[in-house]
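Spelled out, the chains give:
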Amino acid sequence: MFRKLVSTIAASHIGFLRRYCIRTNTAKSKASNPAKCRALGQPTSETHPHLINPDEVTPLITKTEYQHRRCQLIESIMQKAIKTSEYQKNHLVIVSGASKQYMSDKIPYFFRQNTDFLYLTGCQEPDCCLVISIDESSNEPCSILFTRDKDDHAELWDGPRTHPEDVKSFFGMDRGLPMSEFEGYLRSYGRAFRDLNLWYDFVTPSQKNIHTSVCNFMSDLSNKKWENPRSLIHKLRLYKSPAEIALMQKASDITAAAFVETMSCSRPNIGENQLFAKIDYECRMRGAEFLAYPPVVAGGNRANIIHYINNNQLVEDGEMVLMDAGCEYHGYASDVTRTWPVNGKFTSQQREIYEVVYCVQEELIDLCNKCPTLDALFESMCYLLGKRLQEIGLISIQPSNTYLMKAAYQLCPHHVSHYLGMDIHDTPSINRNIKIEPGMVITVEPGIYISNNNKSLPKSYHGIGIRIEDDILITVNGPVVLSRKCPKHPDEIEKIASENQS
Ligand SMILES: [Mn+2]
């Protein structure tokens, strides 16, 4: 019946999937919620009512939203299949979660879930796997979540694991199965449907055991046809839902407030590690789980090392601090950079360069009204920086724009923007040459870096490294600066940074 539906008329499968989605979304589990008597491998509204409301799988993201994301993925797969006349085949989609990583012996790193898997399931446990089958024998696509087998000893050490029986009601999946049945499931699926399209990321596998099983499964198939679902998932992740926007707004608010506290505790000879500790503390105290990435806390000339994360020097009187930091709030990141004088007062050269970066950043945010590509935004940054540096006499007046932009690029060697979301460099398979659209979140982060080794600029400017970075939501009414609560005007920066000077 399924095959008939999709093959009769191309458009009909969309209607079919819509009906499937509506049915799944409104279906009420008749069984009483087993989570009430049995703990899951992650917070629920019963165990963590301060974090999760009923019907949410993760904070603010409901079971319905996760089901909708899976439906959207099925839709994009079918749409792609129709274009390549593969729609009559059976499709098997496998997206694995991450495994725990160890720093030594039995000492784990903090667990980070595979983002694509988390986006589609909301499952926060290690070693799980999502399988979606779209086949001709059943009337509907089927989402299965494989979870770790019960293990009393392991659970004594690491806490409870989600039971496959609880997967339907909590995650809104069609089925839950124990991981020990994964290989058997693949084998019997391969026997039943010889002509199938496998959707699996062979390029960046996230779980060793799953990868081995899928490779074995693939080698046994007579028809070895596969595609990577990664870019389809990234296309969905690129556009943020209202709940995701609310989470990102909160992440930005927390980061902004933490920045204000951190700036205001600065004084000469403060350690970069102390500023790191301060921003981390202020973010966590406001509800963030942790910083979304190792922050750059760079005093003086070290700001010219773009990815400086040693953070182990003292910031001397007269130097600036460049801090690139942001928290992660329930799976969503913020990414903010501010640069301020550690003693609360810019020198005239610092202020001169700061104002150039500040004005260019404001102009670039304004340019987002025209929905350019990120690469076009980068070109604009080079041009605008070049123009302003010419105005203050740091780049010589030459007729050619190419010269201007090249000179500016030498002072800002990094891109001006990336997509932002569950990952810091979000949806990396999405090219930066597509026009930005409402629903996307991007960073705007111009900078000027004049190291002590710079041979073309006067010595009085040496050791100045400045970047200003904000998180921008694109809407139909123009750009919204999510990190707007983080001060950046030079007067405001000086005021806050001089609050606690002894
Ligand atoms: Mn950034």
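All values reported here derive from a predicted model rather than from experimental measurement.

Caption draft 1: Spotlight on the nonpolar core. In terms of nonpolar packing, the biggest core is built from 116 residues, with Leu73, Phe259, Met381, Ile442 and Ile448 touching the most fellow members. With 9 residues, helix α10 (residues 242–264) is the single largest residue contributor to this core. The residue makeup of this core includes at least three contributed by each of domain 1 (2–237) and domain 2 (242–497). In this structure Met381 touches Val360, Leu364, Cys412, His414, Val416, Pro446 and Gly447, once residues within four positions along its chain are discounted. Core analysis: the second largest hydrophobic core is formed by 23 residues, Leu92, Leu186, Tyr200 and Val214 among them.

Caption draft 2: Structural context of the packing of aromatic side chains. Scanning the entire structure with this criterion turns up 9 aromatic pairs. Taking the centre distance of 5.1 Å and the plane angle of 90° together, the rings of Phe146 and Phe182 count as edge-to-face. With Phe146 in strand β7 (residues 142–147) and Phe182 in helix α7 (residues 182–192), this residue pair connects regions lying 36 residues apart in the sequence. Here the two residues Phe146 and Phe182 agree in accessibility, since each one is buried. Site record: aromatic cluster; members linked through ring pairs are Phe146, Phe182, Tyr185, Tyr189 and Phe193. In this structure, Arg69 is placed above the aromatic ring of Tyr66, and the distance from its NZ or CZ to the ring centre is 4.8 Å.

Caption draft 3: Representation of the domain arrangement of the chain within the structure. You can read the domains of the chain as domain 1 (2–237) and domain 2 (242–497). Buried area between domain 1 and domain 2, summed over both chains or domains, comes out near 1,300 Å², and the portion from carbon and sulfur atoms is 60%. Among the residues domain 1 hides against domain 2, the three largest losses belong to Leu60, His234 and Arg237. Together they make up 35% of the total. Looking at the side of domain 1 that touches domain 2, the elements that each hand over two or more residues are α3 (63–83), α4 (115–121) and α9 (230–237). It is α9 that contributes the most residues to the side of domain 1 that touches domain 2, 5 residues altogether. Broken down by class, the residue content of the side of domain 1 that touches domain 2 amounts to 6 nonpolar, 3 polar and 6 charged.

Caption draft 4: View of the coordination of the manganese ion. Only Asp335 (OD), His418 (NE2), Glu445 (OE) and Glu469 (OE) from the protein coordinate the manganese ion, and they sit 2.1 to 2.5 Å from it. Each donor residue of the manganese ion lies on one chain, and together they are spaced D-x82-H-x26-E-x23-E. With His418 in the loop between α14 (401–411) and β19 (441–444) and Glu469 in the loop between β21 (464–467) and β22 (470–475), the pair connects residues that are 51 residues apart, well separated along the chain. The exposure class of Glu469 is buried, given its relative accessible area of 0%.

Caption draft 5: Representation of the environment of Lys224 in the model. Structurally, Lys224 can be placed in the loop between α8 (208–220) and β10 (225–227). Put simply, Lys224 and Asn197 are 27 residues apart on the chain and 8.0 Å apart in space, counted from C-alpha to C-alpha.

Caption draft 6: Examining the sheet that holds strand β16 (residues 327–329) more closely. Strands sit in the order β12-β16-β17 across an open sheet of 3 strands; the sheet is antiparallel. Pairing within the sheet leaves two strands with one partner each, and these edge strands are β12 (290–291) and β17 (332–333). Pairing geometry for β16 and β17, over 2 bridges, is antiparallel. By the bridge assignment, Tyr329 is partnered in β17 with Tyr332. Strands β16 and β17 of the sheet are contacted by α10, whose axis makes an angle of about 145° with β16.

Caption draft 7: Layout of the pattern of salt bridges. Under the criterion given, the structure shown has 32 salt bridges. Of the charged contacts in the structure, one is a salt bridge between Arg237 and Asp116, with a shortest N-O distance of 2.5 Å. Within this pair, whereas Arg237 is found in helix α9, its partner Asp116 is found in helix α4, the two being separated by 121 residues in sequence. Lys488 is the partner of Glu362 in a salt bridge, and the nearest nitrogen-oxygen pair spans 3.1 Å. Separated by 126 residues along the polypeptide, Glu362 in helix α12 (residues 348–367) and Lys488 in the loop between β23 (478–481) and α15 (490–497) bring together distant segments of the chain. For Glu362, a relative accessible area of 36% puts it in the partly exposed group.

Caption draft 8: Broad picture of α12. Taking 1.5 Å as the rise per residue, α12 with 20 residues should run 28 Å; its terminal C-alpha atoms sit 29 Å apart, in good agreement. The complete set of buried residues in α12 reads Gln350, Ile353, Tyr354, Val356, Val357, Tyr358, Val360, Gln361, Leu364 and Ile365.

Caption draft 9: The environment of Val357, seen in detail. Within the element layout of this structure, Val357 appears in helix α12. Residues Val357 and Arg388, 31 residues apart in the sequence, show an inter-C-alpha distance of 9.0 Å.

Caption draft 10: Examining the confidence of the model for the chain more closely. The share of residues in the chain with pLDDT of 70 or more is 91%, and the mean pLDDT across the chain is 91. Across residues 22–32 the pLDDT falls below 50, and counting only partners more than four positions away or on other chains, this stretch makes 8 contacts in the model.

Caption draft 11: Spotlight on the environment of Arg112. Of note, Arg112 is situated in the loop between β5 (107–108) and α4. Residue classification places Arg112 among the partly exposed positions, given a relative accessible area of 41%. Considering only alpha carbons, one finds Arg112 and Asn228, 116 residues apart in sequence, at a separation of 22 Å. Once residues lying within four places of it in the same chain are set aside, the contact partners of Arg112 are Ala98, Glu328, Met422 and Asp423. At 3.1 Å, the side chain of Arg112 and the side chain of Asp423 are in polar contact.

Caption draft 12: Layout of the sheet that holds β19. Across the sheet, 3 strands lie side by side as β19-β22-β23; this open sheet has antiparallel pairing. Two strands in the sheet have a free side with no partner beyond their single neighbour: β19 and β23. Neighbour-to-neighbour, the strand axes of this sheet turn through a mean angle of 40°, independent of strand direction.

Caption draft 13: The state of the cysteines, seen in detail. Counted according to the given criterion, the structure contains 0 disulfides. A disulfide-free cysteine, Cys123 has its sulfur positioned 3.9 Å from the sulfur of Cys128, the nearest such atom. Take Cys123: its relative accessible area is 0%, and that puts it in the buried class. Not part of a disulfide, Cys265 finds its nearest cysteine sulfur in Cys283, a span of 13 Å.

Caption draft 14: Up close: the pairing of strand β9 (residues 196–200). For β9, a buried count of 5 out of 5 residues is recorded, marking the element as mostly surrounded by other parts of the structure. Of the two faces of β9, the one carrying Leu196, Leu198 and Tyr200 and the one carrying Asn197 and Trp199 are both buried. As paired strands, strand β3 (residues 90–96) and β9 are joined by 5 bridges and run parallel to one another. For His91, the partnering residue across the bridge sits in β9 and is Asn197. As judged from the 3 bridges shared by β9 and β10, these two strands associate in the parallel manner.

Calculation criteria
Residues numbered from 1 in each chain as written. Predicted model: local features only at pLDDT ≥ 70, side-chain atom pairs only at ≥ 80, totals over all residues. Heavy atoms only, no water. Core = buried A, V, L, I, M, F, W, Y, C linked by side-chain atoms within 4.5 Å. Buried < 20%, exposed > 50% of the residue type's maximum accessible area, 1.4 Å probe, protein only. Helix = DSSP H or I, 4+ residues; strand = E, 2+ residues; numbered from the N terminus. Domains from an automatic or database assignment. Contact = heavy atoms within 4.5 Å. Phe/Tyr/Trp six-rings, centres within 6.5 Å; stacked < 30°, edge-to-face > 60°. Lys NZ or Arg CZ within 6 Å of the ring centre and 35° of its normal. Buried area = accessible area lost by both parts, 1.4 Å probe. Nonpolar A, V, L, I, M, F, W, Y, C, P; charged D, E, K, R; others polar. Donors = N, O, S within 2.8 Å, 3.2 Å for Na, K, Ca; no water. Pairing = 2+ DSSP bridges. Axes fitted to C-alpha atoms, helices over the stretch in contact; angles between N-to-C directions. Salt bridge = Lys/Arg side-chain N within 4 Å of Asp/Glu carboxyl O. Expected span 1.5 Å × (residues − 1). pLDDT = per-residue confidence, 0-100. Polar contact = N/O pair within 3.5 Å; in protein donor to acceptor, adjacent residues only side chain to side chain. Disulfide = S-S within 2.5 Å.

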